[in-house]
Structure formats: C-alpha cells, structure tokens
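Here's the letter readout for the chains.
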Amino acid sequence: MGLPNNRRTIAFLIDELIGQYQAQLWQSMVKTAEERDVNLLVFPGRIMDLPEHHLFRHSSVYELISGKRIDGFIAATAIYSIFHSKEKLKKILDKFAIPYVSLGVRVGDEPVIQVDNKHGMGELVDHFIEEHGYKRIAFIRGPETNPEAELRYDAYKESLQAHGIPLDESIVETGSFWGPTGAEAVKRLLSKKAKFDGLVAANDDMALAALHVLEQKGYNVPGDVGVGGFDNTDEGQYIYSPLTTVAQPNQGLAEKSMDILLDMLSGKSPEKITMLSACLLVKKSCGCSSPALTRIKTTEQLKTSTPGISAESWRRETTDSMKTALETSAVTPELIKEFTDLFMDFITNKNKGQKDEDLLLSPWNEILCRELMSNGDVSLWNQYLTSIYNQARLWVYPGELDAVTSSLFQKLRILVAEAMERKQGIRRMEKDRAIFDMQYTGQKINVSFDKNVIIDRLVREIPRLGIKSFYVCLYAAPLKKYENDKWILPEMSELQVAVNDETLLTPEMVGMKIPVVELVPDEFLPRDRRVTYIIKSLFFMERQSGYIVVEYGLRETILYETIRSQISGLFHGAKLLGENGHV
C-alpha cells in the first residue's frame, strides 16, 4: 500500500541515530532516498528481542513494520550482530514478511552489502609498521560476536605475521565498540605497564576514547604512541591530532542497498553478495606529517614513471587515484573532472602570468563552498590536491614543479584549510542554535499535564523547530507481551497530534482510532512530495504508551530523542492525572 504520495516506501532499521557511525550511515540513507525519490521510514529501535537489556524499551517500534505501509526494508545487521547470531537475526527479520537487504551480515538468502573490513584494517596496520616502524602495536578488539569486529582483528593478526612480528596477546584488549570501553581497555594496558608504541582500535569511538586517556596520562600522540581507528567519524577529524582511520563507504552502502532493494521490488534478481572497498585515511595521529588523506604514489615511485604522458592519460590517472576515496564520500567523478579540466587549462597556459591563478583559485573556492553547503567532505580535497600535484609532475613537469605552480598549490591548500575551519564553525553554530531552539520549545510545552494544553502547545511549537510534519499516536489499549517477551501491540492507536503543511487535526478529531499498522491516517499525510520520517516509541519507565512519527528536518539527531523523551513524560503525566480524577 505504501504512503498516499504514490512512491515506493523503504524502511531503514538501525539501533540509534546519535552514534558517530550510525549518524553518518542513516543520513547517507536519507540523501539516497531523496535522490531516488522514494519515501524513507527510519526505525531506531535500539536492542532487538533482548528484554533483559535496559534499552529494550525502545524496541516496540519494530512491531510497527508491516507491508501495509512499507514495500521493503534495509537493516543495519552489522550493528545488531553485536547481540545476536546470524540465525537469530534471520528469525527476527523474516517475521516482517517483506523483502529486505542486509547491511553487514548475510543472515540468509537475502542480498547483503558488505565492506571489505579486512583489507581496510590490514592497510592501516601495514601503514603503522611500514611507514612508522611500530613493532609493538596494541589492539582494542570489538565484540567477539560481531563478524566485522572479528575481520578487523584477523587483519591485525595477519599483518603482524606478514611482517614477522609475533602476536602478543598481553597488548590485546576487548571493547564493545562503545567509546568508554576503549578508555577502559587502554587503562588496563597502562595498569599492567604494557609496552606499546602504537595502538589501533576496531572503531573510532574506542580509538578516540583511548587517545584521550593516553593524553591525560601524559603520553604524546603521536610522539610516544601512534593511534588509529576505523569508521572515519567527524569527531576524529576535528581533534588536535586528527585520527588516522579507515573510512567506510557509507554513501556507497546506502546507494547500493537502496538500488538492490528497488530492483527486488521490480522483480529483478540482484547479486546476493556485494563487497565495497574501505579507504585508508592517513592523518596526524599515526605520526604522518603529510596533509594527504590517503596513501598515494610516493615521489620515488613517480620518478621511475615515464614522463610527459598525454593529457587524457593524466586526467584518467588523476580520477583513478581518487576512485576508492570517492566511494566513501558524496564527491562525484564529475566534480573531480570539473576541477581537473580547470587545472589543466591553467598549467598549459600559465606562462601568461601569475594573475591567471585567479582563473583557478576562484572556481576552486566555489567548489569548496558548494561542498560546505551540501554537507560534503571538504577534507577529501586535500587528498585530491596531493594526487593532482603528483600527476602534474608526470604530465608536464617530470622533475620539480616550478615556483609558480608550487605557490599555487600552497594557496589551494590554504583555501581547503579555511573551508574546513568554516565548516567546523558552521557545525558549532548549528548545534548551539538547535539546542537553544529545543530548550525554548521544551519550556513552551512543559507547562501543564493537561492533555488539551499539551496538544495545543505541540501543534504550535514543534513546527518552529523546522519540522514540517509531526504525529503523536497513543495505543488504544495497554501494550502486552507474551511468554517469550516479544511485544504484542494493540490493533488500534488513537491519533493525538497531526501537524503537516496541508492538513491539521481539528480538536473534535483528537483521539480518532486507526490501525497501528497504518501508523498515520492517509488524510493527514502529504500527497504531493516524498517524505522521510523517524518513528520512535513513546514510553515512560516500563510503561509503553504509543509512538511518534517525525519528519526529518533536524540535523542534530539527538533532538529526536529529546522530543521523544519530553512527549513521553508529558502524556504519561497527563494519563496519571486523568486516572486519579484530576483532569
């Protein structure tokens, strides 16, 4: 059935929105849904089918997934596999009885998209050994139940073996992918006076937490210890010593999984297993002083190449050298070609005078500004500059580039640095503004436990946050579980709040009953545009009360949980007062 706007509706199942890796992945999914012109319903339900876990209360939202609204779904199984075996995941996902694609773990016959974790981590450990001469590299593993974590650990062991370095299990610790477990792991290493000159963690969150502990204990990173991670999270790029890491192709994962699922829904038979490359990004934390973001051909390698290659070969080599990195970002080959052509025009006509630099600097600055506006990866352009610099030496100047061109590259790098600084400043301002707006909204709606007042304030205040449409539904009957602790939803819910840019819920319609599998009645959903919705459970303590459906519009993803928490508390308070006869 889908939504009334006559587009495919795809669900994305993920544990949460606010983790560093999760935020990048689900926002890549949002971007892809926009490009494919499909509806996206995001279900951040935390822990699946694990009632003893304190986060299980969020998971009732998964029971809202059905073929009534959803054509197919994509599941972040690499995350869920931390807690469940492949067999258990298959049982959980198959119960929805609609087509799906798995991200990370092959749970059955359904298509799976995987990242070459082993090769990516192997490159990182090889870099530590070959480029920096580290011999005692400590390793913080991820959870042993997670296949991706185990592949990264296997890569670490195999890299050591390939370089004739024996595995020392005394400098191997285990974490859970959660940052604080990385801090505890390095504290254990230090408490037993373990000797290590490098430290690699199975993800960035643990690596960053470990790095901060090392600095607090007086270690210089990278002077005393080189540190590396995996995931290429934003936080890792903004610290004093940016984190050497391996970038996952989040945009590629989103695009490939969406395309495969859409093919399945069209009756096509896609490949069962698709493998995407990970990309080593070399930064300061390992000890590299180069501004390049990935390993490229060295000067020594370039000197053995044939000088004076054709312009077409040069363009192709430049784009090819960026191919792996492009898979991890939103930068397109077309954008690379655009600037490569500009650069070729400049260096072939540079003898006209140094003022011609403006012909390149101005478009370069425009490209960087476009990246800022589209939330692209500005830092990737440093890698591009390193690549194009070396290719230029092959094409026109087989020896050293002349002073004019070298000066130009310095200016281009300055523009990248300034753009990155602006991006950080913009993100800080956006975050501060979002937090202020949410605090202001919270003050406005937290004024009463009178249900009518709550609804009135929500209708007026939530749109001011930049949210186009927003719905609150309370279960018409208590939520039940049966003996194996799986949620059993009541058949009906009651619509309490409905706000969109087309239709408003009138006071006399508040409480109208709808089947829970419909989520929201057709008449209150947009009909002339695609939408992305985040669906979250409403609960207070152990008491489940309903769900919210919020249209994507807030970039600070923690605010969705803030909204959920506030609304849960307000309606719970109103219900308690009503039960006691006060309202």
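(A) Focus on the sheet that holds strand S7 (residues 172–174). Read from one edge of the open sheet, four strands run S7-S6-S8-S9, paired in parallel fashion. With one partner strand each, in any of the chains shown, S7 and strand S9 (226–228) form the two edges of the open sheet. Taken pair by pair, the neighbouring strands of this sheet meet at an average axis angle of 15°, ignoring direction. Summarising the sheet, strand S6 (residues 137–141) and strand S8 (residues 198–201) pair through four bridges and their orientation is parallel. What sits directly across from Ile-140, in S8, is Ala-201.

(B) A look at the pattern of salt bridges. The full count for this structure, using the stated rule, is 22 salt bridges. The partner of Arg-141 in a salt bridge is Glu-144, and the shortest N-O contact between them spans 3.8 Å. Assessed through its relative accessible area of 12%, Arg-141 is described here as buried. In this structure, Glu-173 and Arg-188 form a salt bridge, with 2.9 Å as the shortest nitrogen-oxygen distance. One end of the pair, Glu-173, is in strand S7; the other, Arg-188, is in helix H6 (residues 179–191), and 15 residues separate them in sequence.

(C) Seen up close, H6. Between its terminal C-alpha atoms H6 stretches 19 Å, which fits the 18 Å expected from 13 residues at 1.5 Å a residue. Those residues of H6 lying buried are Gly-179, Thr-181, Gly-182, Ala-183, Ala-185, Val-186, Leu-189 and Leu-190. Buried residues belonging to H6 abut S6, S7, S8 and helix H7 (204–216). Positive backbone phi, at 55°, marks Lys-193, one or two positions downstream of H6.

(D) Spatial organisation of the environment of Val-200. Tracing the backbone shows Val-200 in strand S8. In this structure Val-200 comes out as buried when scored by relative accessible area, which is 0%. Placed 76 residues apart in sequence, Val-200 and Leu-124 show a C-alpha to C-alpha distance of 8.6 Å. Discounting chain neighbours no more than four positions away, the residues touching Val-200 are Met-121, Leu-124, Phe-128, Ile-137, Ala-138, Phe-139, Ile-140 and Gly-228.

(E) Main features of unusual backbone geometry. In this structure, Pro-222 follows Val-221 across a cis peptide bond, with omega equal to 15°. Relative to the helices and strands, Pro-222 is located in the loop between H7 and S9. One non-glycine residue, Ala-97, lies in the positive phi region at around 60°. Structurally, Ala-97 is set in the loop between helix H3 (86–94) and strand S4 (100–103). Its relative accessible area of 67% is what places Ala-97 among the exposed residues. If you check the backbone angles, Asn-232 has positive phi at about 60° while not being a glycine.

(F) Representation of the sheet that holds strand S3 (residues 72–75). Taken together, the 11 strands give an open sheet; going across it, the order is S11-S5-S4-S3-S1-S2-S18-S19-S13-S16-S17, and neighbouring strands pair in mixed fashion. Each edge of the open sheet carries a strand with a single partner, namely strand S11 (273–276) and strand S17 (512–515). The sheet shows a mean angle of 25° between the axes of neighbouring strands, direction not considered. Looking at chain direction, strand S2 (residues 39–44) and strand S18 (residues 532–540) are connected through three bridges and run parallel. Along S18, the bridge assignment pairs Leu-41 with Tyr-533.

(G) Region of interest: the packing of aromatic side chains. The full count for this structure, using the stated rule, is 12 aromatic pairs. For the pair Trp-26 and Tyr-552, a centre-to-centre distance of 5.4 Å together with 90° between the ring planes defines the contact as edge-to-face. One end of the pair, Trp-26, is in helix H1 (residues 20–36); the other, Tyr-552, is in the loop between strand S19 (543–551) and helix H18 (558–579), with 526 residues separating them in the sequence. Three or more aromatic residues joined by ring pairs make a cluster, and in this case those are Trp-26, Tyr-552 and Tyr-560. A cation over an aromatic ring shows up here: Arg-152 above the ring of Phe-230, its NZ or CZ 3.9 Å from the ring centre. Over the ring of Phe-539 we find Arg-564, and its NZ or CZ is 4.2 Å from the ring centre.

(H) Seen up close, the confidence of the model for the protein. For the protein, per-residue confidence averages 81 on the pLDDT scale, and residues scoring 70 or more make up 76% of the total. With pLDDT under 50 throughout, residues 290–307 is counted as low confidence; its partners more than four residues away or in other chains account for 38 contacts. Predicted confidence is poor over residues 579–583, with pLDDT under 50, and the contacts of this stretch with residues over four places away or in other chains come to five contacts.

(I) Region of the structure containing the pairing of S19. Burial runs high along S19: seven of the nine residues are buried. Pairing of strand S13 (residues 470–475) with S19 involves five bridges; the strand directions are antiparallel. Looking at the pairing, Tyr-471 lines up with Val-549 of S19. Where S18 lies against S19, eight bridges are found, and the strand directions are antiparallel. Residue pairing for S19: Phe-539 is matched across the bridge by Gln-544. Linking S18 to S19, which pair antiparallel, is a turn of two residues; within it Met-541 sits at a positive phi near 55°.

Thresholds applied
- Residues numbered from 1 in each chain as written.
- Predicted model: local features only at pLDDT ≥ 70, side-chain atom pairs only at ≥ 80, totals over all residues.
- Heavy atoms only, no water.
- Pairing = 2+ DSSP bridges.
- Helix = DSSP H or I, 4+ residues; strand = E, 2+ residues; numbered from the N terminus.
- Axes fitted to C-alpha atoms, helices over the stretch in contact; angles between N-to-C directions.
- Salt bridge = Lys/Arg side-chain N within 4 Å of Asp/Glu carboxyl O.
- Buried < 20%, exposed > 50% of the residue type's maximum accessible area, 1.4 Å probe, protein only.
- Expected span 1.5 Å × (residues − 1).
- Contact = heavy atoms within 4.5 Å.
- Phe/Tyr/Trp six-rings, centres within 6.5 Å; stacked < 30°, edge-to-face > 60°.
- Lys NZ or Arg CZ within 6 Å of the ring centre and 35° of its normal.
- pLDDT = per-residue confidence, 0-100.

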